[in-house]
Amino acid sequence: IGDFRVESAVNGYHVVPILAKNPKGVEEPYESPLESRITMQSRDESAADMIRRFVGVVSQALGQPLVEGLMPGRFHGIRVTVVAQNDRARDVLWRALHSINPGLSWQLLCVPGDPCALNIHPISLAK
């Protein structure tokens, strides 16, 4: 548990962690791995391959592993083109998911001592 800020994005919001408890239970400043700046060359690929490449690029920028978690099975059949030039990873992911389906979101689950896992899932859009 920690503290968060809410940032508006095109057609949505981001809940961004700013404080997290360390292993001793003390809250300290925290920066999400998705705050990393990344560059990705333009490539037409499956959404599943794009997520794998994204996870690898973010891992490299962080200097620590980020792993692919759960994602919709249909990602293997959906084509997407993503490009980034020193962009925040969170913004790149948002653009990519929005280009696939505006009803997609993610959770980045981080447990101390383990790599963070990026999970992609559908959400219900308010009417």
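Residues numbered from 1 in each chain as written. Predicted model: local features only at pLDDT ≥ 70, side-chain atom pairs only at ≥ 80, totals over all residues. Heavy atoms only, no water.

## Examining helix α1 (residues 47-62)
Taking 1.5 Å per residue as the helical rise, α1 with its 16 residues ought to reach 22 Å, and the 22 Å between its terminal C-alpha atoms agrees with that figure. Along α1, the residues that are buried comprise A47, A48, M50, I51, R53, F54, V55, V57, V58 and S59. Where the residues of α1 are buried, they touch β4 (37-46), β5 (66-68), β6 (79-88), α2 (89-100) and β8 (116-122). G63, located one to two residues past α1, shows a positive phi value of around 80°. (Helix = DSSP H or I, 4+ residues; strand = E, 2+ residues; numbered from the N terminus. Expected span 1.5 Å × (residues − 1). Buried < 20%, exposed > 50% of the residue type's maximum accessible area, 1.4 Å probe, protein only. Contact = heavy atoms within 4.5 Å.)

## A short note on the pattern of salt bridges
Two side chains bearing opposite charge may form a pair once their charged atoms approach each other closely. For the structure on display, the rule yields 12 salt bridges. Its salt-bridge partner being E7, residue R88 comes within 3.5 Å of it at the nearest N-O pair. Of this pair, R88 sits in strand β6 while E7 sits in strand β1 (residues 2-9), and the two are 81 residues apart along the sequence. With a shortest N-O distance of 3.8 Å, E35 and R88 are connected by a salt bridge. Of the two residues, E35 sits in the loop between β3 (27-29) and β4 while R88 sits in strand β6, which places them 53 residues apart along the sequence. Overall, the relative accessible area of 16% leaves E35 in the buried class. Salt bridges here are not isolated pairs; linked through shared partners, they connect R5, E7, E35, R88, R90 and D91. (Salt bridge = Lys/Arg side-chain N within 4 Å of Asp/Glu carboxyl O.)

## Considerations on the nonpolar core
Ranked by size, the top nonpolar core spans 29 residues in total, and within it I51, F54, F75, L93 and I120 carry the most contacts. Among the elements of the structure, β4, α1, β6, α2, β7 (104-109) and β8 are those that each provide at least two residues to this core. If we skip the residues at most four places from it in the chain, L93 touches L34, I51, F54, W106, L118 and I120. (Core = buried A, V, L, I, M, F, W, Y, C linked by side-chain atoms within 4.5 Å.)

## Focus on the side chain of S105
Position of S105 among the secondary structure elements: in strand β7. With residues up to four places along the chain from it excluded, the contact list for S105 reads L97, N119, I120, H121 and I123.

## Observations concerning the packing of aromatic side chains
In this structure the tally under the stated criterion is one aromatic pair. Judged by centre distance (6.2 Å) and plane angle (70°), the ring pair of W94 and W106 falls under edge-to-face. Separated by 12 residues along the polypeptide, W94 in helix α2 and W106 in strand β7 bring together distant segments of the chain. Judged by its relative accessible area of 15%, W106 is buried. (Phe/Tyr/Trp six-rings, centres within 6.5 Å; stacked < 30°, edge-to-face > 60°.)

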